[in-house]
Amino acid sequence: MAIDLSSPKAVGGLNTFDPLDPRVAEWWRRRADEIYRLVPDFGGFVMKADSEGRAGPASYGRTAADAANVIARAVKPHSGVLFYRAFVYDHHLDWRNLKADRARAAFDVFHPLDGQFDDNVILQIKYGPIDFQVREPVSPLLGGLRSTNEALELQITQEYTGQQRHLCFLVPMWKEILDFDLHADHGDTPVRDLIAGKTFRRPLGGVVGVANVGMDSDWLGNPLALANLYGFGRLAWDPQLSPATIVDEWTRLTFGGDPTVVQIITQMQLNSWHTYESYTGPLGVGTLTNILGNHYDPGPESSEGNGWGQWHRADHQGIGMDRTVASGTGFIGQYSPEVQALYENVARCPDYLLLFFHHVPYSHVLQGGKSLIQFLYDSHFEGAERAQGYATEWASLKGHIDDDRYEGVLARLQYQAGEAIVWRDAICNWLFRLSGIPDQKGRVGFESNRKVGDRKN
């Protein structure tokens, strides 16, 4: 059960939600007893507070541990648990302050509280430090808690990855996260072991998926998107499984064992995350979508000039957030020394996360040998071209799949092909206007009839 703590009236008319007020603790105890009388196997609560303008313990000068523990103690006699979401940040940051950084928030708030949470509290931590982007580094908080139960929060619904209208199989991303070694104990400590409680011998842990199963016959509005829901369940059960194994299982269970069907769908799914990343926001640049609106259309300007902290700091000279210890926000310093060494040096930082950690000029040469600006142009064109190919690949399955699903998926893939071109043109022309650097292949900088809302391929 999720609970909203934004109103003091949530506590039975008390004038305060101070978690240290004994009346509040008694109120929660009575409510928990009442719930468990009605639902004896009730699991517990998920709590969100002090986030995105909602009230919480900070309103009363209390900590997240104070708030979590008062509810955890109410459900503990019934073997209940409390998941406390670590999605807590100031959404009124000063965008002009180059040291301000939303990515720091979860670690800054919760790391000092390590060891203060009761044993039936689980901190629910998003996989990345921002908000379900197509590419983020693993949250340093996952490696920063030795004495607190923790769970990894993944997003099955594609809020920033095409909203089920685009094919984007997320299991390869999740697998990379689960396998990433945070060196939390200066040894081999992959995320999968941290959240299982193995590394620091914690009693509870796990993985949480944010989904949007609805009333559609295919549950998520797109038959191919169901692979994400299936894949989440399989990885939660066995994080050692490979994405290829998972999607092969899902395809056979969903569409049968026809070798042609299995091969084509499996390959489409396995490369779809990188395809989507390529024509939207490569190199860890973060969201280039409309964060003030639908989180779907291209809208890179919406990230800047406001307090939401999803900045990419693009200007006429370069792009990317400087999160280094040496000259930036210091976010990299929240990792273990081993991970800091990977990200702090611009020459060593993996290209796929370069712009998350460093502000670099457009002329910067990537490890692959291309200039940054040319890579960004090429990536968007190559990604859009791969998206065009999905409809063609799917069309080869006519007669191998029932007509209803064949036609429904084909229409969605044709739609995605048009969307990818809209994204390609919008982002490439935005980069050209900012940088003034032409595309070496002469594809960028021309007025186009395409615009957001023009979905025709």
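Placed above this text is the structure.
Residues numbered from 1 in each chain as written. Predicted model: local features only at pLDDT ≥ 70, side-chain atom pairs only at ≥ 80, totals over all residues. Heavy atoms only, no water.

### Concerning the overall build of the chain
The criterion, for reference: Strands are runs of DSSP state E lasting at least two residues, helices are runs of H or I lasting at least four, and both sets are numbered from the N terminus onward. Restricting the calculation to C-alpha atoms gives the radius of gyration, and the globule rule supplies 2.2 Å times the number of residues raised to the power 0.38. Only protein chains enter the accessibility calculation, which uses a 1.4 Å probe. A residue is then buried if its area is under 20% of the maximum for its type, exposed if over 50%, and partly exposed in between. What makes two residues a contact is simply this: any of their non-hydrogen atoms within 4.5 Å. Note on charges: Lys and Arg go in the positive column, Asp and Glu in the negative column, and His and the chain ends are not counted at all. Where a charge sits is defined by one atom per residue type, namely NZ (Lys), CZ (Arg), CG (Asp) or CD (Glu).
Along its length, the chain carries 12 helices and eight strands. In summary, the chain has a C-alpha radius of gyration of 23 Å against a globular reference of 23 Å for 457 residues, a match within 12%. Taking the principal axes of its C-alpha atoms as reference, the chain extends roughly 70 × 55 × 45 Å. Here the chain, with 457 residues, has 55% of them falling under the buried criterion. Within the chain, counting contacts between residues at least 6 apart in sequence, those at least 24 apart form 67% of the total. Charge centroids of the chain, computed over 43 positive and 56 negative side chains, lie 3 Å from each other.

### Description of the pattern of salt bridges
Should the charged atoms of two oppositely charged side chains come close, the side chains can pair. Applicable threshold: What counts as a salt bridge is simple: a side-chain nitrogen of Lys or Arg found within 4 Å of a carboxyl oxygen of Asp or Glu.
Summed over all chains, the structure comprises 29 salt bridges. Measuring nitrogen to oxygen at the nearest pair gives 3.9 Å for the salt bridge that ties Asp131 to Arg102. With a gap of 29 residues between them, Asp131 in the loop between strand 4 (121-126) and strand 5 (149-155) and Arg102 in the loop between strand 3 (81-85) and helix 3 (105-110) connect regions that are remote in the sequence. Taken as a pair, Asp131 and Arg102 share a single burial class, namely buried. Among the charged side chains, a salt-bridge network with shared partners connects Lys370, Asp378, Asp439, Lys441 and Arg443.

### So, the side chain of Asn228
With respect to the helices and strands, the residue Asn228 is situated in helix 6 (residues 226-237). The exposure class assigned to Asn228 is buried, which follows from its relative accessible area of 1%. Contacts of Asn228, omitting those with residues within four sequence positions, involve Ile156, Gln158, Cys168, Phe169, Leu170, Val171 and Trp174.

### Concerning the environment of Asp297
Where we set the bar: We call two N or O atoms a polar contact when they sit within 3.5 Å, provided that within protein one can donate a hydrogen and the other can accept it, with sequence-adjacent residues counted only if both atoms are side-chain atoms.
Summarising the element assignment, Asp297 is placed in the loop between helix 8 (259-279) and strand 7 (318-319). By relative accessible area, which is 13% here, Asp297 ends up buried. Here the alpha-carbon distance between Asp297 and Ala426, two residues 129 residues apart in the chain, equals 9.6 Å. Separated by 2.8 Å, the side chains of Asp297 and Asn294 make a polar contact.

### Overview of the packing of helix 6 against helix 7 (residues 243-255)
The condition that has to hold: Here an angle of 0 to 180 degrees is reported between the N-to-C directions of two axes, which are lines fitted to C-alpha atoms, with helices fitted over the stretch in contact. Our angle categories are set so that under 35 degrees counts as roughly parallel, over 145 as roughly antiparallel, 65 to 115 as roughly perpendicular, and the remainder as oblique. For a crossing to be left-handed, the near helix must be turned anticlockwise from the far one by less than a right angle; the clockwise case is right-handed. Each residue gets one label: Ala, Val, Leu, Ile, Met, Phe, Trp, Tyr, Cys and Pro are nonpolar, Asp, Glu, Lys and Arg are charged, and the others, such as Gly, are polar.
Look at helix 6 against helix 7: their axes get within 10 Å of each other, and the N-to-C directions meet at 125°. On the basis of the axis angle, helix 6 is oblique to helix 7. Between helix 6 and helix 7 lies a crossing whose hand is right-handed. Touching Leu226, Ala227, Tyr230, Gly231, Arg234 and Leu235 of helix 6 are Ile246, Glu249, Trp250 and Leu253, all from helix 7. Residue composition of the contact of helix 6 with helix 7, grouped by class: seven nonpolar, one polar and two charged.

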